[in-house]
Amino acid sequence: MIPTSDRPMVEADRVWKSFGKTQVLRGISMQVEAGEVVCLLGPSGSGKTTFLRCINHLEKISAGRLLVDGELVGYREHGGKLVERNAREIASQRAEMAMVFQQYNLFPHRTVLENVIEAPVRVKKEPRSEATERGMSMLARVGLADKSSSYPGQLSGGQQQRVAIARALNMRPKLMLFDEPTSALDPELVGEVLDVMRSLAEEGMTMLVVTHEIGFAREAADRVVLMDGGIVLESGPPQQVFLDPQHDRTKAFLSKVL
Amino acid sequence: MIADQQETIRTADVPEVKAEPVRHPGNWIGAVVVLVLGAMFVHTLVVNPNFHWKVVGGYFLSGEILGGLLRTLELTALAMVIGICLGTVLAVMRASDNLIMSAAAALYVWFFRGTPLLVQLIFWFNISSLYPRLSLGVPFGPIVVSGSSNVLISAFTAALLGLGLNQAAYTAEIVRAGILSVPVGQLDAAASLGMSNLMTMRRVVLPQAMRVIIPPLGNETIGMLKTTSIVSVLAMPELLYSAQLVYARTYQTMPLLIVASLWYLLVTTVLTSVQLRIERHFARGAGSGPVGTLHEFARRAFAHHARFRTPAPAGAAITGGR
């Protein structure tokens, strides 16, 4: 499946990010086309999660350019100069993309359904009935329609993560960011979350997934990107990268995880 | 399904757990001592005529006392409203990344916690000696309205300002602790859903912080109920001062102090039950996650005492959401 669009969904051009003196990203360039599923792989501390958070402007980049759907994230170009966007504009940019976190980050004081409809109702000002109806169908999609009135604390980790995906989906995002969505789960619960993600990928959702699940990357990804030390080591279709890695460090990493 | 049958049908050869419980003779001796002391106390209340229970009964519902009680309740409620509203604003300012904002909030807390409440009350009452007239207008510019401080700041206003502003400093610290107890991942989630800072605070952070905020705030409210008695220095006839006014005439000091104390106890009891209700409301969703309820805490902390161990009905019944 090769979707066509006139501009990439994510476009990173030499993105740098440092925390104090620590340089976490050192010139990341990559593109994610609309409808593409890209998996970000690499050892811990390689900057994958930071890069994902930069796309959502949860972190500000230090240098380079980062565009989502043709728009600079967090900034506007004005007469050749960069102008910081105000909080409301940043919020509305964020509402266009959804993020799923390693620790689920569901709102524990709200029921599953309330979690799923909170942002559509409060942020997008949708009628409650409409958000609820769609929210229930999203919950059904992740197989949790019967848990709509439970509280997150009453669910297993895998169920909570599926609720988090339903919450993200209910924003009808054009891009979904997954930050190690299965890393906090017990091994027997990983599969149910990956199944949901796989079906999303098949439906053509644009997804950028930071993961350690090589199996998922091999089956579901259109492209994998290998990062280490804040740079992109190599990228390409999974078969190519996994079977014929070019870089020594890629080979070393793959030999540990494959 | 063989496995299922093994689980569902317990055959006779599986032995029951019928262990002899550990004996706690210390508990029995302690209980007897406490009961005897309690009986002695009740006995003396009844037989000692100096308590003058008739006088207590006579004044309990008298107009003077009830008027004082009303004034006490009014002061407590209004001072807490000021304290909580201003305290929350201060806590949010303190958490702000604007240096001026957070420094101003820290300075406020430092000042109002650092000076005696009694001094603050007298200060507000005598504000007219510093500023004979109070006016509202453009900073360093023309004045729009103006009035005499003595008229604007009555004894009641001075009491309210003293109690409320002081309470705000303490409440700010309580709310700050509550805000800090909310995991940062909640902020990430709210931001990624496009929620504004204000919305995140109102819909995500504060409702979760409430679990931590309510118990100490209940404490503060009950404390305020009795702290209001120090406004007697401003000659405000609240509950205690009203009782004092009576016994200054009748010399029935003890009975009237008992009347006032009984009312304080009664109101405290009501406030405690209100606090429990509010706590239960904000405990939604807790207890089954990483944070537990007191009941759950007790069950685990005393688990080594077999007699505290409840039969654990599949976890669900312990808190079950609401």
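Structure report, in brief. Small disclaimer: the values here were computed from a predicted structure and weren't measured.

Moving on, we get to the interface of chain B and chain A. Interfaces are often described in size by the accessible area the parts lose on coming together. Of the residues lining the interface, 23 residues belong to chain B; the matching set on chain A comes to 24 residues. For the pair chain B and chain A, the two sides together bury roughly 2,100 Å², of which 55% comes from carbon and sulfur. The largest per-residue losses of area from chain B upon contact with chain A belong to B:S192, B:L193 and B:R203, which jointly make up 31% of the total buried on that side. The tally of links between chain B and chain A comes to two salt bridges. Linking B:R203 and A:E118 is a salt bridge whose minimum nitrogen-to-oxygen distance equals 2.8 Å. Connecting chain B to chain A are six residue pairs in polar contact (both at pLDDT 80 or more).

In this section: the pattern of salt bridges. Residue and element names in this part refer to chain A. On inspection of all chains with the given rule, the structure shows 24 salt bridges over all chains. Here D69 and R7 are joined by a salt bridge, their closest N and O atoms 3.3 Å apart. One end of the pair, D69, is in the loop between β4 (63–68) and β5 (71–72); the other, R7, is in the segment before β1 (10–19), with 62 residues separating them in the sequence. Here D195 makes a salt bridge to R198, at a shortest N to O gap of 3.1 Å. Taken together, the residues D195 and R198, both in helix α6 (residues 187–202) and three residues apart, mark about one turn of the helix. Residue classification places D195 among the partly exposed positions, given a relative accessible area of 44%.

Across all of its chains, the model carries five aromatic pairs over all chains by this definition. Plain terms: the ring middles of B:F111 and B:F112 are 5.3 Å apart, the flat faces sit at 80° to each other, and that makes the pair edge-to-face. Relative accessible area serves as the criterion here: at 43%, B:F111 is assigned to the partly exposed category. Of the aromatic side chains, those joined through ring pairs into one cluster are B:Y108, B:F111 and B:F112. Above the ring of A:F19, the side-chain terminus of A:K17 is found at 4.7 Å from the ring centroid. Lying over the aromatic face of A:F107, A:R167 brings its terminal NZ or CZ to 4.7 Å of the ring centre.

Judged by nonpolar contacts, the single largest core of 50 residues is most densely connected at A:I165, A:M176, A:F178, A:M197 and A:M207. One finds A:L40, A:F107, A:A119 and A:M227 within the second-largest nonpolar core, a separate group that totals 39 residues.

Residue and element names in this part refer to chain A. With phi around 60°, H57 is a residue other than glycine that occupies positive phi space. Note that H57 resides in the loop between α1 (48–55) and β4. The backbone of Y104 shows a phi angle near 60°, a positive value even though the residue is not glycine. Locating Y104 in the fold gives a position in the loop between β8 (97–100) and α3 (112–122).

In this section: helix α11 (residues 197–227) of chain B. Across its 31 residues, α11(B) extends only 36 Å between first and last C-alpha, which sits more than 12% below the 45 Å expected from 1.5 Å per residue. The largest bend in α11(B) amounts to roughly 50° and is located at B:R211, with the proline B:P215 lying one to four residues further along.

What follows covers the side chain of A:D69. One polar contact links A:D69 to A:R7, side chain to side chain, over a distance of 3.3 Å. Excluding residues that lie within four positions of it along the chain, A:D69 makes contacts with A:R7, A:P8, A:M9 and A:K174.

The rules behind the values
Residues numbered from 1 in each chain as written. Chains lettered and ligands numbered in written order. Predicted model: local features only at pLDDT ≥ 70, side-chain atom pairs only at ≥ 80, totals over all residues. Heavy atoms only, no water. Contact = heavy atoms within 4.5 Å. Buried area = accessible area lost by both parts, 1.4 Å probe. Salt bridge = Lys/Arg side-chain N within 4 Å of Asp/Glu carboxyl O. Polar contact = N/O pair within 3.5 Å; in protein donor to acceptor, adjacent residues only side chain to side chain. Helix = DSSP H or I, 4+ residues; strand = E, 2+ residues; numbered from the N terminus. Buried < 20%, exposed > 50% of the residue type's maximum accessible area, 1.4 Å probe, protein only. Phe/Tyr/Trp six-rings, centres within 6.5 Å; stacked < 30°, edge-to-face > 60°. Lys NZ or Arg CZ within 6 Å of the ring centre and 35° of its normal. Core = buried A, V, L, I, M, F, W, Y, C linked by side-chain atoms within 4.5 Å. Expected span 1.5 Å × (residues − 1). Bend = angle between axes of the 7 residues up to and from the residue.

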